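# Working through the structure, step by step
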Amino acid sequence: VQLQASGGGLVQAGGSLRLSCTASVRISRYSMGWFRQAPGKEREFVAAYKWSNSGAYYADSVKGRFTISRDNAKNTVYLQMHNLKPEDTAVYYCAADTGVISSTIRYESAYNYWGQGTLVTVSS
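We now turn to the structure provided with this report. (Residues numbered from 1 in each chain as written. Predicted model: local features only at pLDDT ≥ 70, side-chain atom pairs only at ≥ 80, totals over all residues. Heavy atoms only, no water.)

This brings us to unusual backbone geometry. A positive phi is found at Asn-75, a non-glycine position, where the angle reads about 55 degrees. Along the chain, Asn-75 turns up in the loop between β7 (66-71) and β8 (76-81). With a phi close to 50 degrees, Asn-83 is a non-glycine residue in the positive phi region. Topologically, Asn-83 is positioned in the loop between β8 and β9 (90-97). Residue classification places Asn-83 among the partly exposed residues on the basis of a relative accessible area of 41%. (Helix = DSSP H or I, 4+ residues; strand = E, 2+ residues; numbered from the N terminus. Buried < 20%, exposed > 50% of the residue type's maximum accessible area, 1.4 Å probe, protein only.)

Pasting the structure below:
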């Protein structure tokens, strides 16, 4: 499984960006997640969409500003980001795996497949 993330860039605080992650396989049975790693910090969970379409999960820090969605026909998951803040600056990674359950969907260890990351820089 290969994941290709794109859409990062430089944006001013308050602006918006949409990240995309396209998989080399049909994603209908994969849970898809977004994680990010800021300079000098550990990678952290941002959002995820369970394979069963039973709902989306968000980190508290992005709830209400970010929206994760998926287009199974295009094998792509999106992360729409609004009202960006300087603290959102990070490399954003998409991740995928099958069989991810609700209790582990926020953890890196639940995913075996990772994209290369796309850099988001938010200027103040």
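From this point, the discussion proceeds with the structure in view.
This part covers the side chain of Arg-65. Structurally, the position occupied by Arg-65 is in the loop between β6 (56-58) and β7. At 2.8 Å, the side chain of Arg-65 and the side chain of Asp-88 are in polar contact. Not counting the four nearest positions on each side in its chain, Arg-65 is found in contact with Gln-80, Met-81, His-82, Asn-83, Leu-84, Lys-85 and Asp-88. (Polar contact = N/O pair within 3.5 Å; in protein donor to acceptor, adjacent residues only side chain to side chain. Contact = heavy atoms within 4.5 Å.)

Every regular strand shows the same layout, with side chains that alternate between the two sheet faces. β8 sits mainly inside the fold: five of its six residues count as buried. Bridge analysis of strand β3 (residues 17-23) against β8 gives six bridges, and the strand direction is antiparallel. Across the sheet, the residue bridging to Leu-19 is Leu-79, located in β8. Linking two consecutive strands that pair antiparallel, namely β7 and β8, is a turn of four residues; a positive phi of about 55 degrees is found at Asn-75 within it. (Pairing = 2+ DSSP bridges.)

Attention shifts here to the sheet that holds β3. With antiparallel pairing, the four strands of this open sheet are ordered in space as β1-β3-β8-β7. Across the chains shown, the open sheet's two edge strands, defined by having one partner strand only, are β1 (3-6) and β7. Strand-to-strand, the axes of this sheet are offset by a mean angle of 15 degrees, without reference to chain direction. Both β7 and β8 contribute to a ladder of six bridges, which runs antiparallel. Looking across to β8, one finds that Ile-68 is bridged to Leu-79. (Axes fitted to C-alpha atoms, helices over the stretch in contact; angles between N-to-C directions.)

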